[in-house]
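Residue-level listing of the chains:
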Amino acid sequence: MSVTVRVPAKVNVQLAVGAARPDGFHDLANVFLAVGLYDEVTVTAADELRITCTGPDAGQVPLDRTNLAARAALALAERYGREADVHLHIAKDIPVAGGMAGGSADGAGALLACDALWGTGASREELLDICAELGSDVPFSLVGGAALGTGRGEQLTELEVGGTFHWVFAMASRGLSTPAVFREFDRLGEGRDIPEPVASRELIDALAKGDADALAATVSNDLQPAALSLFPELADTLAAGRAAGAPATLVSGSGPTTAFLARDAEGAEAVADALRASGTCRAVRTASGPVPGATVI
Ligand code: C5P
(Lines give C-alpha, C1' and ligand atoms only; values in the text may rest on other atoms or scores of the structure.)
Protein backbone atom coordinates (compact mmCIF):
# COMPACT_ATOMS: atom_id res chain seq x y z
CA MET A 1 0.00 0.00 0.00
CA SER A 2 1.22 3.52 -0.66
CA VAL A 3 0.08 7.11 -0.09
CA THR A 4 0.95 10.10 -2.28
CA VAL A 5 0.82 13.70 -1.05
CA ARG A 6 1.09 16.74 -3.29
CA VAL A 7 2.70 19.84 -1.74
CA PRO A 8 2.99 23.34 -3.24
CA ALA A 9 5.91 25.76 -3.40
CA LYS A 10 5.67 29.19 -1.79
CA VAL A 11 6.61 32.74 -2.59
CA ASN A 12 7.07 35.31 0.17
CA VAL A 13 5.13 38.42 -0.78
CA GLN A 14 6.51 40.17 2.30
CA LEU A 15 9.60 39.09 4.20
CA ALA A 16 10.44 41.53 6.99
CA VAL A 17 13.51 40.41 8.95
CA GLY A 18 14.53 41.54 12.42
CA ALA A 19 17.95 41.42 14.07
CA ALA A 20 19.59 38.05 14.82
CA ARG A 21 18.24 36.54 18.05
CA PRO A 22 20.45 34.90 20.69
CA ASP A 23 19.53 31.48 19.19
CA GLY A 24 20.81 32.62 15.77
CA PHE A 25 17.36 32.76 14.16
CA HIS A 26 15.71 36.01 13.11
CA ASP A 27 12.24 37.18 14.04
CA LEU A 28 10.17 37.56 10.89
CA ALA A 29 6.97 39.01 9.55
CA ASN A 30 6.71 36.54 6.70
CA VAL A 31 3.70 36.61 4.38
CA PHE A 32 3.59 33.32 2.51
CA LEU A 33 1.55 32.57 -0.60
CA ALA A 34 1.35 28.96 -1.81
CA VAL A 35 1.69 28.68 -5.61
CA GLY A 36 0.96 25.87 -8.04
CA LEU A 37 4.39 24.30 -8.48
CA TYR A 38 4.40 20.95 -6.72
CA ASP A 39 6.49 18.17 -5.30
CA GLU A 40 4.80 14.80 -4.78
CA VAL A 41 5.89 12.54 -1.96
CA THR A 42 4.90 8.87 -2.16
CA VAL A 43 5.34 6.68 0.89
CA THR A 44 5.30 2.87 0.62
CA ALA A 45 5.84 0.29 3.37
CA ALA A 46 9.39 -1.12 3.13
CA ASP A 47 11.94 -3.10 5.17
CA GLU A 48 13.83 0.04 6.14
CA LEU A 49 13.86 3.79 5.53
CA ARG A 50 15.08 4.76 2.09
CA ILE A 51 14.60 7.75 -0.23
CA THR A 52 14.57 8.12 -3.97
CA CYS A 53 14.01 11.26 -6.02
CA THR A 54 13.22 12.06 -9.64
CA GLY A 55 12.94 15.40 -11.46
CA PRO A 56 15.18 17.98 -13.13
CA ASP A 57 17.05 18.88 -9.90
CA ALA A 58 17.04 15.34 -8.43
CA GLY A 59 20.84 15.10 -8.49
CA GLN A 60 21.06 17.87 -5.87
CA VAL A 61 18.67 16.24 -3.39
CA PRO A 62 20.30 14.43 -0.42
CA LEU A 63 19.10 10.82 -0.21
CA ASP A 64 20.09 10.26 3.42
CA ARG A 65 18.59 11.08 6.81
CA THR A 66 19.38 14.79 6.44
CA ASN A 67 16.54 15.04 3.90
CA LEU A 68 13.57 16.76 5.55
CA ALA A 69 11.26 14.00 4.25
CA ALA A 70 13.32 11.38 6.12
CA ARG A 71 13.47 13.57 9.22
CA ALA A 72 9.67 13.96 9.11
CA ALA A 73 9.13 10.19 8.86
CA LEU A 74 11.59 9.59 11.73
CA ALA A 75 9.98 12.27 13.93
CA LEU A 76 6.47 10.86 13.46
CA ALA A 77 7.68 7.26 13.96
CA GLU A 78 9.45 8.23 17.17
CA ARG A 79 6.38 9.97 18.53
CA TYR A 80 4.22 6.90 17.87
CA GLY A 81 6.83 4.35 19.00
CA ARG A 82 7.25 2.60 15.68
CA GLU A 83 9.89 2.09 12.98
CA ALA A 84 10.12 4.54 10.06
CA ASP A 85 10.19 1.55 7.71
CA VAL A 86 9.11 3.27 4.51
CA HIS A 87 10.30 4.00 1.03
CA LEU A 88 9.93 7.75 0.44
CA HIS A 89 9.84 8.74 -3.21
CA ILE A 90 9.99 12.44 -4.07
CA ALA A 91 8.84 13.52 -7.54
CA LYS A 92 10.51 16.92 -7.45
CA ASP A 93 9.32 19.87 -9.49
CA ILE A 94 10.09 22.68 -7.01
CA PRO A 95 13.60 24.09 -7.57
CA VAL A 96 16.23 22.87 -5.07
CA ALA A 97 17.88 25.52 -2.85
CA GLY A 98 15.69 28.05 -4.64
CA GLY A 99 13.91 29.99 -1.89
CA MET A 100 10.56 28.33 -2.69
CA ALA A 101 10.44 25.92 0.27
CA GLY A 102 11.02 22.76 -1.79
CA GLY A 103 12.74 20.95 1.08
CA SER A 104 10.04 22.09 3.48
CA ALA A 105 7.38 20.84 1.06
CA ASP A 106 8.96 17.37 1.11
CA GLY A 107 9.04 17.41 4.92
CA ALA A 108 5.36 18.33 5.19
CA GLY A 109 4.44 15.87 2.44
CA ALA A 110 6.28 12.94 4.04
CA LEU A 111 4.72 13.74 7.40
CA LEU A 112 1.17 13.76 6.04
CA ALA A 113 1.80 10.66 3.91
CA CYS A 114 3.30 8.64 6.79
CA ASP A 115 0.46 9.76 9.04
CA ALA A 116 -2.06 8.42 6.52
CA LEU A 117 -0.11 5.20 5.77
CA TRP A 118 0.38 4.37 9.44
CA GLY A 119 -3.06 5.55 10.57
CA THR A 120 -1.53 7.39 13.52
CA GLY A 121 -4.54 9.68 13.87
CA ALA A 122 -2.28 12.60 14.83
CA SER A 123 -4.17 15.87 15.31
CA ARG A 124 -3.55 18.87 13.07
CA GLU A 125 -1.85 20.62 16.03
CA GLU A 126 0.50 17.66 16.56
CA LEU A 127 1.43 17.63 12.87
CA LEU A 128 2.04 21.39 12.95
CA ASP A 129 4.27 20.97 16.04
CA ILE A 130 6.39 18.38 14.24
CA CYS A 131 6.53 20.66 11.18
CA ALA A 132 7.81 23.56 13.32
CA GLU A 133 10.54 21.29 14.76
CA LEU A 134 11.61 20.34 11.24
CA GLY A 135 12.03 23.91 9.96
CA SER A 136 10.65 27.43 9.97
CA ASP A 137 8.82 27.09 6.61
CA VAL A 138 7.49 23.56 7.06
CA PRO A 139 4.22 24.46 8.87
CA PHE A 140 3.24 26.67 5.94
CA SER A 141 3.83 23.83 3.47
CA LEU A 142 1.23 21.83 5.39
CA VAL A 143 -1.30 24.68 5.62
CA GLY A 144 -0.91 26.36 2.21
CA GLY A 145 -3.16 29.19 1.00
CA ALA A 146 -1.76 32.42 2.39
CA ALA A 147 -0.53 33.06 5.90
CA LEU A 148 1.47 35.42 8.05
CA GLY A 149 4.36 33.66 9.77
CA THR A 150 5.78 35.29 12.90
CA GLY A 151 8.42 34.13 15.38
CA ARG A 152 10.99 32.49 13.13
CA GLY A 153 8.18 32.10 10.57
CA GLU A 154 6.61 28.99 12.08
CA GLN A 155 3.74 30.65 14.00
CA LEU A 156 1.02 30.98 11.38
CA THR A 157 -2.06 33.14 11.06
CA GLU A 158 -4.05 32.23 7.97
CA LEU A 159 -4.86 35.15 5.65
CA GLU A 160 -7.84 35.75 3.43
CA VAL A 161 -7.18 36.03 -0.31
CA GLY A 162 -9.82 37.54 -2.60
CA GLY A 163 -8.57 36.30 -5.98
CA THR A 164 -5.90 34.47 -7.92
CA PHE A 165 -2.46 35.99 -8.38
CA HIS A 166 -0.43 35.09 -11.47
CA TRP A 167 3.33 34.68 -11.15
CA VAL A 168 6.39 33.94 -13.19
CA PHE A 169 9.40 32.28 -11.55
CA ALA A 170 12.91 32.38 -12.99
CA MET A 171 15.18 29.60 -11.78
CA ALA A 172 18.84 30.51 -11.39
CA SER A 173 21.91 28.64 -12.56
CA ARG A 174 22.88 27.68 -8.99
CA GLY A 175 21.33 27.56 -5.51
CA LEU A 176 21.81 29.76 -2.45
CA SER A 177 22.10 28.49 1.11
CA THR A 178 19.45 30.00 3.41
CA PRO A 179 21.83 30.28 6.42
CA ALA A 180 24.41 31.99 4.19
CA VAL A 181 21.83 34.56 3.05
CA PHE A 182 20.80 35.30 6.66
CA ARG A 183 24.50 35.66 7.61
CA GLU A 184 24.95 38.12 4.73
CA PHE A 185 21.86 40.01 5.97
CA ASP A 186 23.56 40.29 9.39
CA ARG A 187 26.84 41.39 7.81
CA LEU A 188 25.17 44.09 5.68
CA GLY A 189 23.26 45.35 8.74
CA GLU A 190 26.26 45.54 11.07
CA GLY A 191 26.28 48.79 13.06
CA ARG A 192 22.74 49.61 11.94
CA ASP A 193 19.57 49.62 13.99
CA ILE A 194 17.37 46.80 12.62
CA PRO A 195 13.68 47.54 13.27
CA GLU A 196 11.22 44.92 14.57
CA PRO A 197 9.60 43.13 11.62
CA VAL A 198 5.99 44.21 11.10
CA ALA A 199 3.45 42.87 8.60
CA SER A 200 2.20 45.47 6.12
CA ARG A 201 -1.48 46.29 6.54
CA GLU A 202 -1.66 47.50 2.90
CA LEU A 203 -0.23 44.20 1.68
CA ILE A 204 -2.66 42.13 3.73
CA ASP A 205 -5.52 44.27 2.37
CA ALA A 206 -4.25 43.81 -1.20
CA LEU A 207 -4.29 40.02 -0.72
CA ALA A 208 -7.79 40.15 0.76
CA LYS A 209 -9.02 42.16 -2.23
CA GLY A 210 -7.22 39.99 -4.78
CA ASP A 211 -5.82 43.24 -6.24
CA ALA A 212 -2.60 42.53 -8.20
CA ASP A 213 -1.66 46.19 -8.66
CA ALA A 214 -2.08 46.91 -4.95
CA LEU A 215 -0.07 43.80 -4.10
CA ALA A 216 2.64 44.82 -6.58
CA ALA A 217 2.93 48.19 -4.83
CA THR A 218 3.51 46.58 -1.43
CA VAL A 219 5.63 43.41 -1.94
CA SER A 220 8.99 43.52 -0.17
CA ASN A 221 11.83 41.23 0.83
CA ASP A 222 14.44 42.30 3.38
CA LEU A 223 16.65 39.38 2.30
CA GLN A 224 16.84 40.65 -1.28
CA PRO A 225 19.95 42.87 -0.79
CA ALA A 226 21.73 39.93 0.87
CA ALA A 227 20.76 37.51 -1.92
CA LEU A 228 21.90 40.06 -4.56
CA SER A 229 25.16 40.61 -2.70
CA LEU A 230 25.91 36.86 -2.85
CA PHE A 231 24.50 36.43 -6.38
CA PRO A 232 24.86 39.79 -8.23
CA GLU A 233 23.71 38.33 -11.60
CA LEU A 234 20.17 38.10 -10.16
CA ALA A 235 19.91 41.86 -10.77
CA ASP A 236 19.98 41.13 -14.53
CA THR A 237 17.05 38.70 -14.21
CA LEU A 238 15.07 41.21 -12.14
CA ALA A 239 15.81 43.93 -14.72
CA ALA A 240 14.68 41.66 -17.59
CA GLY A 241 11.35 41.00 -15.84
CA ARG A 242 10.89 44.70 -15.10
CA ALA A 243 11.64 45.59 -18.74
CA ALA A 244 9.03 43.03 -19.81
CA GLY A 245 6.42 44.98 -17.82
CA ALA A 246 6.02 42.84 -14.69
CA PRO A 247 4.27 45.06 -12.14
CA ALA A 248 6.43 43.61 -9.33
CA THR A 249 9.78 41.85 -9.31
CA LEU A 250 11.44 40.30 -6.28
CA VAL A 251 13.70 37.59 -4.99
CA SER A 252 11.67 34.69 -3.57
CA GLY A 253 12.58 34.19 0.11
CA SER A 254 16.33 33.69 0.47
CA GLY A 255 16.59 33.19 -3.31
CA PRO A 256 17.94 32.74 -5.81
CA THR A 257 14.62 32.10 -7.60
CA THR A 258 13.21 35.44 -8.75
CA ALA A 259 9.46 36.07 -8.76
CA PHE A 260 7.46 38.32 -11.07
CA LEU A 261 3.86 39.25 -10.37
CA ALA A 262 1.66 39.72 -13.43
CA ARG A 263 -1.84 41.22 -13.77
CA ASP A 264 -3.33 38.11 -15.38
CA ALA A 265 -2.42 34.79 -17.00
CA GLU A 266 -1.67 36.40 -20.40
CA GLY A 267 0.58 38.97 -18.74
CA ALA A 268 2.43 36.16 -16.99
CA GLU A 269 3.02 34.32 -20.28
CA ALA A 270 4.40 37.51 -21.88
CA VAL A 271 6.83 38.08 -18.98
CA ALA A 272 7.81 34.39 -19.07
CA ASP A 273 8.59 34.59 -22.81
CA ALA A 274 10.71 37.72 -22.30
CA LEU A 275 12.63 36.11 -19.45
CA ARG A 276 13.28 32.96 -21.50
CA ALA A 277 14.61 35.13 -24.34
CA SER A 278 16.75 37.22 -21.96
CA GLY A 279 19.24 34.44 -21.28
CA THR A 280 19.48 35.58 -17.65
CA CYS A 281 18.11 32.41 -16.04
CA ARG A 282 18.17 28.61 -16.29
CA ALA A 283 14.42 27.98 -16.60
CA VAL A 284 11.16 29.87 -16.38
CA ARG A 285 7.81 28.69 -15.02
CA THR A 286 4.42 30.29 -14.52
CA ALA A 287 2.22 29.43 -11.54
CA SER A 288 -0.69 31.00 -9.73
CA GLY A 289 -1.79 31.10 -6.13
CA PRO A 290 -3.12 30.71 -3.56
CA VAL A 291 -3.42 26.91 -3.72
CA PRO A 292 -4.09 24.46 -0.86
CA GLY A 293 -1.26 23.05 1.25
CA ALA A 294 -0.15 19.42 1.48
CA THR A 295 -2.98 17.17 0.19
CA VAL A 296 -3.32 13.40 -0.05
CA ILE A 297 -4.11 12.52 -3.69
O1 C5P B 1 14.26 26.84 10.11
P2 C5P B 1 15.18 26.40 9.04
O3 C5P B 1 15.94 25.15 9.39
O4 C5P B 1 14.53 26.29 7.72
O5 C5P B 1 16.25 27.53 8.90
C6 C5P B 1 17.42 27.37 8.14
C7 C5P B 1 18.42 28.45 8.52
O8 C5P B 1 17.95 29.73 8.10
C9 C5P B 1 18.65 28.60 10.01
O10 C5P B 1 19.65 27.71 10.46
C11 C5P B 1 19.07 30.03 10.13
O12 C5P B 1 20.42 30.19 9.76
C13 C5P B 1 18.24 30.72 9.06
N14 C5P B 1 16.99 31.30 9.58
C15 C5P B 1 17.04 32.42 10.37
N16 C5P B 1 15.89 32.97 10.85
C17 C5P B 1 14.68 32.41 10.53
C18 C5P B 1 14.61 31.28 9.72
C19 C5P B 1 15.80 30.73 9.25
O20 C5P B 1 18.13 32.94 10.66
N21 C5P B 1 13.58 32.98 11.00
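Further up the page is the structure itself.
Please read all numbers here as calculations on a predicted model, not as lab measurements.

> Sorry, what's going on with the site of the ligand here?
Residues in close proximity to the ligand include Gly-24, Phe-25, His-26, Leu-28, Gly-135, Ser-136, Arg-152, Thr-178, Pro-179 and Phe-182, which together make up its full environment. A distance of 2.6 Å is found between an oxygen atom of the ligand and a side-chain nitrogen or oxygen belonging to His-26. Between Ser-136 and the ligand, the recorded distance is 2.5 Å, taken from a side-chain N or O atom to an oxygen atom. Among the elements of the structure, β2 (26–45) and α5 (178–189) are those that each provide at least two residues to the shell around the ligand. If one sorts the elements of the shell around the ligand by residue count, α5 sits on top with 3 residues. Looking at the shell around the ligand residue by residue, the class counts come to 4 nonpolar, 5 polar and 1 charged.

> Sorry, what's going on with the sheet that holds strand β7 (residues 165–171) here?
Either a parallel or an antiparallel arrangement is found when strands of a sheet pair, and the pairing is made through backbone hydrogen bonds. What the 4 strands build is an open sheet, ordered β9-β10-β7-β11; its pairing is antiparallel. Unpaired on one side and paired on the other, β9 (248–251) and β11 (283–289) mark the two borders of the sheet. Each strand of the sheet is rotated relative to its neighbour by a mean of 25°, with strand direction disregarded. By the bridge criterion, 5 bridges tie β7 to strand β10 (residues 258–262) in an arrangement that is antiparallel. Each bridged residue has a counterpart across the sheet, and for His-166 the counterpart in β10 is Ala-262. Most of the contacts of helix α10 (residues 265–278) go to β7, to which it runs at about 10°, and overall it touches β7, β10 and β11.

> Honestly, the pattern of salt bridges in this entry has me stumped. Any pointers?
Side chains that differ in charge, positive against negative, can pair when their charged atoms come close. What the rule picks out here adds up to 14 salt bridges. Of the charged contacts, one joins Asp-39 and Lys-92 as a salt bridge, the two residues approaching to 2.3 Å between their closest N and O atoms. Note that Asp-39 is positioned in strand β2 and Lys-92 in the loop between β4 (86–91) and α2 (102–118), a separation of 53 residues in sequence. Summarising the burial analysis for this pair, Asp-39 and Lys-92 share the class buried. The salt bridge partner of Asp-93 is Arg-285, with a shortest N-O separation of 2.7 Å.

Basis of the calculations
- Residues numbered from 1 in each chain as written.
- Predicted model: local features only at pLDDT ≥ 70, side-chain atom pairs only at ≥ 80, totals over all residues.
- Heavy atoms only, no water.
- Near = heavy atom within 4 Å.
- Polar contact = N/O pair within 3.5 Å; in protein donor to acceptor, adjacent residues only side chain to side chain.
- Helix = DSSP H or I, 4+ residues; strand = E, 2+ residues; numbered from the N terminus.
- Nonpolar A, V, L, I, M, F, W, Y, C, P; charged D, E, K, R; others polar.
- Pairing = 2+ DSSP bridges.
- Axes fitted to C-alpha atoms, helices over the stretch in contact; angles between N-to-C directions.
- Contact = heavy atoms within 4.5 Å.
- Salt bridge = Lys/Arg side-chain N within 4 Å of Asp/Glu carboxyl O.
- Buried < 20%, exposed > 50% of the residue type's maximum accessible area, 1.4 Å probe, protein only.

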